[in-house]
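A closer look at the structure
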Amino acid sequence: MKHMLSLIAFEISALLSLALVIYWIEQYAGGLKWENKNKAKFNYHPLFMIIAFVIIMGHSVITFRILPIAHRTKKYIHAVLNITAAIFATIGVVAVLQFHNEANIPNFYSLHSWLGLTTLSILYLQALAGFGIFQDLVSGANREIRAAYKPWHVVAGVCLIAFAACTITTGIQEKYGFVQPKKYSAHAYAYNFLGLSIFLWLATVIYILLAVEKREPEGYETLTGGAPVNTYNTE
């Protein structure tokens, strides 16, 4: 029951964030248009970043806790989600860089952009190192190497989610400052509720990682002779 309720809370918060950013884009930001010197090109940036980190990376991080399937299958799902998140995030970065360059806006000057670079760097490193070491693509990546790298991979994954939430919310605040919507208006509240939904999503992820036990397939204890489950299995 705890697994189901926590998953429902996660899905609601993630989909709420996606719905709110789509609402903001369509209602106040001019929709989505990938055209030269069109301000709407920027809107792909917040949309794709929320898809990359909140929707895809969120599911990637909780895979090992929520899904009652074989560990190796979880590894493949985790790797595919990481690579997919990296693709969406890259497109989101390309969108904002093109928008800035076409509008003669400087790049990488704000706290939001610095946090974004840090978050992207962790994402790319996690995807490459994890895919290589845990998917048996690196020659000599034996049990000892995996065991040594596993704690770093886990900690980096948690940091990635936290950094993503900080990056998204600082981006929301930065955009709010540029647009300066009328105070107490529906437009202004759209920014606030979007930011709150991101932290609600972060809270559900942290809860799942800290308070929800790892799920195993039915009959797993029987197959292992009732031995304790090793949640840090490196195979």
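I will try to describe carefully the structure that is included in this document. Values in this document were obtained by computation on a predicted structure and should not be read as measured data.

On to helix α2 (residues 44-66), then. Taken as a whole, α2 carries its principal kink of about 35 degrees at methionine 57. Most of α2 is tucked away, with 20 of its 23 residues classed as buried.

On the surface, Trp34, Ile83, Ile87, Ile91, Val94 and Phe131 cluster together to form a nonpolar patch covering roughly 470 Å² of accessible area. The element that contributes the greatest number of residues to the nonpolar patch is helix α3 (residues 71-102), accounting for four residues. Note that tryptophan 34 resides in the loop between α1 (2-28) and α2.

The subject of this paragraph is the packing of α2 against α3. Direction vectors running N to C along α2 and α3 enclose 165 degrees, while the axes themselves pass 8 Å from each other. Relative to α3, α2 is oriented roughly antiparallel. The hand of the α2/α3 crossing is left-handed. Split into classes, the residues belonging to the contact of α2 with α3 amount to 18 nonpolar, nine polar and two charged.

It is worth spelling out the packing of aromatic side chains at this point. The tally for this structure, following the rule as stated, stands at eight aromatic pairs. When the ring of tyrosine 44 is compared with that of phenylalanine 48, the centres are 5.8 Å apart and the planes differ by 80 degrees; the resulting orientation is edge-to-face. Taken together, the residues tyrosine 44 and phenylalanine 48, both in helix α2 and four residues apart, mark about one turn of the helix. Considered together, tyrosine 44 and phenylalanine 48 belong to a single accessibility category, that of buried residues. Following the ring pairs from residue to residue traces out a cluster consisting of Trp34, Tyr44, Phe48 and Phe88. The ring of phenylalanine 42 has lysine 175 sitting right over it, with the charged end atom 4.2 Å from the ring centre.

Glancing now at the nonpolar core. Counting 49 residues, the largest nonpolar core has Phe53, Val54, Met57, Leu123, Trp201 and Val205 as its most contacted members. For valine 54, the contacting residues outside a window of four places in its chain are Phe10, Ala14, Ser17, Met49, Ile168, Ile198 and Trp201.

Relative orientation of the contacting elements α2 and helix α5 (residues 143-179) amounts to 155 degrees, with a least axis distance of 11 Å. Classified by the interaxial angle, the pair formed by α2 and α5 is roughly antiparallel. The handedness of the crossing between α2 and α5 comes out as left-handed. Within the contact between the two elements, α2 uses Ile50, Phe53, Val54, Met57, Gly58 and Val61 and α5 uses Gly157, Leu160, Ile161, Ala164 and Ile168. Partitioning the contact of α2 with α5 into residue classes produces nine nonpolar, two polar and no charged.

What follows covers the pattern of salt bridges. Throughout the structure, instances matching the rule amount to one salt bridge. The closest approach of N and O atoms between lysine 41 and glutamate 102, which form a salt bridge, is 2.9 Å. Separated by 61 residues along the polypeptide, lysine 41 in the loop between α1 and α2 and glutamate 102 in helix α3 bring together distant segments of the chain. Looking at lysine 41, the relative accessible area reads 0%, which means it is buried.

Here the focus is the environment of serine 113. Along the chain, serine 113 falls in helix α4 (residues 111-134). Judged by relative accessible area, which is 13%, serine 113 ranks as buried. Spatially, the C-alpha atoms of serine 113 and glycine 171 are 8.1 Å apart, while their sequence positions differ by 58 residues.

Given a rise of 1.5 Å per residue, 37 residues ought to cover 54 Å, and the 53 Å separating the end C-alpha atoms of α5 matches this to within 8%. A positive phi of about 50 degrees marks glutamine 180, the residue just after α5.

Bringing unusual backbone geometry into the picture now. Not every positive phi belongs to a glycine, and lysine 37 is a case in point at roughly 60 degrees. Tracing the backbone shows lysine 37 in the loop between α1 and α2. Lysine 37 gets classed as exposed once you look at its relative accessible area, which sits at 71%. The backbone of asparagine 104 shows a phi angle near 55 degrees, a positive value even though the residue is not glycine.

Conventions and cut-offs
Residues numbered from 1 in each chain as written. Predicted model: local features only at pLDDT ≥ 70, side-chain atom pairs only at ≥ 80, totals over all residues. Heavy atoms only, no water. Bend = angle between axes of the 7 residues up to and from the residue. Helix = DSSP H or I, 4+ residues; strand = E, 2+ residues; numbered from the N terminus. Buried < 20%, exposed > 50% of the residue type's maximum accessible area, 1.4 Å probe, protein only. Patch = residues over 30% accessible without salt bridge, like charges linked within 9 Å, V, L, I, M, F, W, Y side chains within 5 Å. Areas by Shrake-Rupley, 256 points an atom, 1.4 Å probe, with all protein chains shown as cover. Salt bridge = Lys/Arg side-chain N within 4 Å of Asp/Glu carboxyl O. Axes fitted to C-alpha atoms, helices over the stretch in contact; angles between N-to-C directions. Parallel < 35°, antiparallel > 145°, perpendicular 65-115°, else oblique. Left-handed = near helix turned anticlockwise from the far one by under 90°. Nonpolar A, V, L, I, M, F, W, Y, C, P; charged D, E, K, R; others polar. Phe/Tyr/Trp six-rings, centres within 6.5 Å; stacked < 30°, edge-to-face > 60°. Lys NZ or Arg CZ within 6 Å of the ring centre and 35° of its normal. Core = buried A, V, L, I, M, F, W, Y, C linked by side-chain atoms within 4.5 Å. Contact = heavy atoms within 4.5 Å. Expected span 1.5 Å × (residues − 1).

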